[in-house]
Amino acid sequence: MAKMEERLESLVARHEEINELMMRNDIVSDRKEMAKLGREQNELLPVVDTYNAYKKACQELEDAKVLSLEDDKEIREMALMEIEELEPAIQEYLDKLELLLVPKDPNDSHNCILEIRGAAGGDEGNIFAGDLFRMYSKYCESKGWRVEIIEMEDSEAGGYSLVSFKVNGDGAYGTLKFESGSHRVQRVPKTESQGRIHTSTATVLCMPEIEEEDFDIDMNDLEIETMRSSGAGGQHINKTDSAVRIVHKPTGIVVKCQDGRSQHENRATALMTIRARVYEERQREIDEKAGAERRTKIGTGDRAEKIRTYNYPQNRVTDHRIGYTVNQLDRIMDGRLEDLMNALQLADQQAKLAGENQ
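The residue numbering used here restarts from 1 in each chain and proceeds along that chain's sequence as written. A pLDDT threshold of at least 70 governs which residues receive local features in this predicted model, and a stricter bar of 80 or more applies before side-chain atom pairs are shown or counted, although totals over entire chains, interfaces and linings include all residues. The side-chain quantities take in all heavy atoms of the structure and omit both hydrogens and water.

### Topic: the pairing of strand β4 (residues 181-187)
Next up, step 1: Only protein chains enter the accessibility calculation, which uses a 1.4 Å probe; a residue is then buried when its area is under 20% of its type maximum, exposed when over 50%, and partly exposed in between. Each helix is a run of H or I in the DSSP string that is no shorter than four residues. Each strand is a run of E no shorter than two, and both are numbered from the N terminus. Of all seven residues that make up β4, six are buried, and the element is covered over most of its length.
Next up, step 2: Here a strand pair is declared whenever DSSP counts at least two bridges between the two strands. Here seven bridges tie β4 to strand β5 (residues 198-208), and the two strands are oriented antiparallel to one another. Bridge pairing in β5 places V185 opposite S200.
Next up, step 3: With five bridges joining them, β4 and strand β9 (residues 306-311) adopt parallel strand pairing. Across the sheet, residue R184 finds its bridge partner in β9, namely T309.

Structure, rendered in structure tokens:
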């Protein structure tokens, strides 16, 4: 406990230091430094608030123990009642602090890039990819996060063979990172005349947005070309070479962007995306060499890993990694993902905690 309190006191001191730094003129004028300190401040706030509440409760408990020794019967009884309430409350604060002190992924506070692809099941897989895109869009909207389309490849039968988009919001990556993997749907397709249930899949890849100063790509490794945009998108489409395609030659990773209003905008978005994709690939290689579990204790983040099943006939959603099942598929597909996201984050924290305590 002494070691834990020592660590907590150092975090409180750091929080106070950040508050002072953010009032300095040289820091206020540095937009990037202010944003960096602001993120760290937000991450520390829950720890500081919980620790302060814990210390207050501990002091109240000590005071109540002193009063429980008084001669006055009424004062003694009130003190004993207070002790009865405070002891479990203090334990709750300790449990919460233990979870809050679990090491966090430094990218958790970042914006994120989501890429959804129709996989097994042909047209039905693409239609399901479209359903997932709408599900995430509605969830992001409920959180006040902004969605920006990067690339969209429409499917003739509906949905998308590929849709990638950026989610702008504090903690977006930390919340959505568990979505990477294969999502399986079981339902009767519109094209099925016999009423048979089909199983199809769509894959999701979630990546943190990586700042240029955090991960540098050698521009000599990139092959950048411009082309005419295709598909819907406004009057400017097909009239100028505004679409941008970038290939990262060492890895073969390809990114295409055409939904921006100008070539300059598409180039910036494509560079942002290729940086995230290459960063993701490098992290995967590092983890594999180290024999480490991929990013999270509750899953590998691999596209091939089946993480969740959406069963329409039974209105059921099951997350296979944590054994989470809910008969509210209609609510889930409407973007009401808060309970599921919380369950995934809690499972991840507890798994990391168990690993630390072994």
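### Here we look at the packing of helix α3 (residues 31-67) against helix α4 (residues 73-100)
Packed helix pairs are characterised by how far apart their axes lie and by the angle those axes make with each other.
Next up, step 1: Between N-to-C directions, angles cover 0 to 180 degrees, with each direction set by a line fitted to C-alpha atoms, over the stretch in contact for helices. With their axes 8 Å apart at the nearest point, α3 and α4 run at an angle of 155° to one another. Between α3 and α4, the angle falls in the class roughly antiparallel. Classified by chirality, the crossing of α4 by α3 is left-handed. In what follows, roughly perpendicular refers to angles from 65 to 115 degrees, roughly parallel to angles under 35, roughly antiparallel to angles over 145, and oblique to any angle outside these ranges. Working rule for handedness: look at the near helix, and if it is turned counterclockwise from the far one by less than a right angle, call the crossing left-handed; if clockwise, right-handed.

### Here we look at the sheet that holds strand β10 (residues 316-319)
Next up, step 1: Judged by pairing direction, the sheet is mixed, and its eight strands sit side by side in the order β2-β3-β1-β5-β4-β9-β10-β11 without closing on themselves. Edge strands, defined here as strands with exactly one partner in the open sheet, are β2 (146-154) and β11 (324-326). The mean angle between the axes of side-by-side strands here comes to 15°, regardless of whether they run parallel or antiparallel.
Next up, step 2: Bridge count between β9 and β10: four bridges; the pairing is antiparallel. Bridging across to β10, T309 finds its partner in T318.
Next up, step 3: Note on contacts: a residue pair is in contact if any heavy atoms of the two residues lie within 4.5 Å. The strands touched by helix α5 (residues 123-143) within the sheet are β1 (112-118), β2, β3 (160-168), β4, β5 and β9, with β5 carrying the most contacts at an inclination of about 45°.

### A short note on the side chain of N168
Next up, step 1: Note on placement: N168 falls in strand β3.
Next up, step 2: Here a polar contact is recorded for every N or O atom pair within 3.5 Å, except that within protein the pair must consist of a potential hydrogen donor and a potential acceptor, and residues adjacent in sequence are included only if both atoms are side-chain atoms. A polar side-chain atom of N168 sits 3.4 Å from a polar atom in the side chain of N111.
Next up, step 3: Among the polar contacts made by the side chain of N168, one reaches the side chain of K166 at a distance of 3.1 Å.
Next up, step 4: Those residues in contact with N168, other than ones at most four positions away along the chain, are N111, W145, R146 and E148.

### Remarks on the nonpolar core
Next up, step 1: Formed by 34 residues in total, the largest nonpolar core has its most connected members in L114, I116, L132, Y136, V167, L176 and Y310.
Next up, step 2: Considering every element that reaches this core, the biggest residue donor is α5, with eight residues.
Next up, step 3: Nine residue types can take part in a nonpolar core, namely buried Ala, Val, Leu, Ile, Met, Phe, Trp, Tyr and Cys, and a core is a set of them joined through side-chain atoms within 4.5 Å. If you look at the next biggest cluster of nonpolar residues, it comprises 20 residues, including M207, I210, V255 and A270.

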